[in-house]
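Listed below, chain by chain, are the residues.
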Amino acid sequence: MLALLPYHPIAQYLLLILLGSILSTHIHACTSSESTSLLSFALTLSSPSLNWTSMDCCQWEGITCDAVGRVTHLHLSSKGLKLKGGLFSSSSLGNLTHLTHLNLSRNSLRGSLDQAGFFLSLGRLEVLDLSFNLLSGELPGSLSSSNNIRMVDLSSNRFHGAIPSSFFQQAKNLSRFNVTNNHFTGYIPSPICVKSSSLIRLLDFSYNNFGGNLPRRLGNCSKLEVFRAGYNNLSGSLPEDIYDATSLKEIAIPANSFHGGISNRIVNLPNLTILDLYLNHFSGMLPIDIGKLSKLKVLLLHSNNLEGSLPPSLLNCTNLMELNLGFNLLGGDISAYNFSRLGQLRKLDFISNQFTGILPISLYSCKSLRAIRLSLNNLEGQIQPEIVSLNHLSFLSLSGNRLTNLTGAMDILKGCKNLTVLILSTNFKGEEMPDGDHMADFDGFQNLRILALRGCELTGEIPKELCTLPMLVSEQAAAQVDHGYLELPFYASQAMPDASILQFNSLSYYPPSIFLGNNNISGNIPTEIGKLQLLHIFDLSSNQVSGNIPDQISNLNNLETLDLSMNHLSGEFPASMALLSFLSSLNVSYNNLEGEIPKSTQLQGLNVSAFEGNPKLCGIPLLNLCQSFNGTDSDDDKNDGNQILGLHISVVLGFTTGLVGVCGSLVLIRTWRDAYFKFLNTVQDRLKL
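What counts, and at which threshold
- Residues numbered from 1 in each chain as written.
- Predicted model: local features only at pLDDT ≥ 70, side-chain atom pairs only at ≥ 80, totals over all residues.
- Heavy atoms only, no water.
- Disulfide = S-S within 2.5 Å.
- Helix = DSSP H or I, 4+ residues; strand = E, 2+ residues; numbered from the N terminus.
- Buried < 20%, exposed > 50% of the residue type's maximum accessible area, 1.4 Å probe, protein only.
- Phe/Tyr/Trp six-rings, centres within 6.5 Å; stacked < 30°, edge-to-face > 60°.
- Lys NZ or Arg CZ within 6 Å of the ring centre and 35° of its normal.
- Pairing = 2+ DSSP bridges.
- Expected span 1.5 Å × (residues − 1).
- Arc of directions from axis to C-beta.
- Contact = heavy atoms within 4.5 Å.

Below, the discussion takes up the state of the cysteines. Enumeration over the complete set of coordinates arrives at 4 disulfides. With a sulfur-sulfur separation of 1.7 Å, cysteine 30 is cross-linked through a disulfide to cysteine 57. The S-S bond linking cysteine 30 to cysteine 57 shows a torsion near 75°; that makes this disulfide right-handed. A residue pair is termed long-range when its members are at least 10 positions apart, and cysteine 30 in the loop between α1 (9-28) and α2 (32-43) and cysteine 57 in the loop between β1 (45-47) and β2 (63-65) qualify at 27 residues. Comparing cysteine 30 with cysteine 57, the two get one shared label, buried. The side chain of cysteine 193 participates in a disulfide bridge whose partner is cysteine 221; the two sulfur atoms lie 2.0 Å from each other. With the S-S dihedral at roughly 105°, the linkage between cysteine 193 and cysteine 221 falls on the right-handed side.

What follows is the structure, encoded as structure tokens:
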């Protein structure tokens, strides 16, 4: 008989650990049926392959199991997944009957979710995230059959059709529903919340093709915090019961056709932080007690038909960070308001209204301000030195008012070290262009990239100091600038007659520019202009400038647009301008230029109108061909023809590439395109740079 081993506490402890490990491994082992289902799903993928090679599927990437080895979570977000045959097959996943979380977002999955019974078998599903894929088809009716479903995110796909009106009644535990950026049509389901006990917290229907009115009984959504339905075809007025949804923190319904007034009952929403109603047809006055919304941070009401004066209580919204009331019919003396209470304010935009008075000095107490636009109002007076205290100010647009003392303004604004965009057009009528250090100096305008002084009827000459702006001269300095989104969108017309207004949101899309057109500037173009090697757009049209076009202008290697039309320039067209390889828009019409237009693919491809009004100018594209004395007319004409053919091909290809790159989203997404052009039409006749 074997002798019994002596009892040892350490040995017993190690034995218990070993047994626990064996039991634990056995408990968490994946069931064979679910392992087979997952492998079946993996076989439908073309790339990339998943690291699913171990025996236990509970250890596989993206898989989580419960205590008995049943798959509860499948999380394969941002894996670059694509499908064989390009179509999504859900049959294998339907066997994961204990699945609670399914996340396949940010991949390239295609196909439909319409397979009968797919979601019926997933009765325990709580979270479904298929956002940012290429899925299509209608919203599966079986999706709402799960009593446990809490979150549905199908945003940024290609789903279409209507959302069944019964969907929200069946999905009784739903708290978050996001279908933004799809192609859904019909009405937004109504009612969404039948009882006040509804758990809905977020609803996002933005960027679709929904029509009709907002759903009724939104007031029953007692827990609703976020409601978004912007960029659709919705209409009607705001339903009164929306003001009963007292948990609301955000209402965002821009770019629709809503009308009527904004009720003073909005103050019943004490938690509201974002109110975004821009680009609609709202009218009437602002709610008189809007200041009771003490948590309000973002108020976007631009591009409506609001009128009257600002309610004094608005200045009680001390948490405001962005206030945009532009493109309305609001008025009153703006200097009567004390903005100093808005200490968190970062962006203020009152463009195109009917405000009067002087620039409010109290505004300079808002130390967080990064962008101010008061353009196209009836303001007067001068820019005060206190503006220099706004250390973060990067965007300032005051065009279309009656400001005076340009020299003083430029002297002061040089101290705004972060100023990137400065638009002062259509002010300072008849004043003289600042000269010398008043315009720019070594320390001033260190970050300025866009300067607009159009339509001011300025006299005097172009100061050579203007050609020393660091962001337009030094590549090293420009490389340190953040070319991200502008604090406010920038509006400008294309460089062609009767062009429409375009909106730019990033410095990357609107390059360094100087606009001095429509003044009475005289003298010569300074030779120092050749220093502005980072300048892309230079507009000196409709002035009294004389002399030659300096050869140094050919040093502007990045120049894309040059407008010298309607001046008194003379002499020969500089041959060196043929070296400007990026030049896509040139206008020297109605001057006194002479000689032959230099041969280059850029210049010969321009419209005749770019050179007309110069009787002594000759060469392609003008019909006035230059006289030749070397007997090689025939060969030259043939070569010119070949150059022009090649040019036309390159111009078409270049334009097409640019159009796709910049406007692709507008072409592909109809609701974005419709809202974009609807907005630009509202500003077309009201805005000039």
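So much for the structure itself; the text now carries on.
Right, let's get into the packing of aromatic side chains. Per the stated rule, a full pass over the model turns up 14 aromatic pairs. Measuring from centroid to centroid gives 5.7 Å for phenylalanine 205 and phenylalanine 210, while their planes differ by 90°, and the two rings are edge-to-face. Pair check on accessibility: phenylalanine 205 and phenylalanine 210 agree, each one buried. An aromatic cluster of at least three residues, connected via ring pairs, comprises Phe159, Phe167, Phe168, Phe177, Phe184, Phe205, Phe210 and Phe227. The cationic tip of arginine 106 hangs over the ring face of phenylalanine 132; the distance from NZ or CZ to the ring centre is 4.0 Å.

In this section: the sheet that holds strand β22 (residues 305-308). Within a beta sheet, neighbouring strands are joined by backbone hydrogen bonds and run either parallel or antiparallel to one another. The strand order across the open sheet built from 9 strands is β14-β16-β18-β20-β22-β24-β26-β28-β30, with neighbouring strands paired in parallel fashion. Edge positions in the open sheet fall to β14 (211-212) and β30 (402-403), since each of these has one partner strand only. As judged from the 2 bridges shared by strand β28 (residues 378-381) and β30, these two strands associate in the parallel manner. Counted as the bridge partner of glutamate 380 is arginine 402 from β30.

This part covers α2. Given a rise of 1.5 Å per residue, 12 residues ought to cover 16 Å, and the 17 Å separating the end C-alpha atoms of α2 matches this to within 8%. By the burial criterion, the buried members of α2 are Glu34, Ser35, Ser37, Leu38 and Phe41. Relative to the axis of α2, the buried residues are bounded by an arc of 160° and lie together on one face. Facing away from the buried side of α2 by over 90 degrees, the exposed positions are Ser32, Thr36 and Leu43. Residues of α2 that are buried sit in contact with β1, β2 and β3 (71-75).

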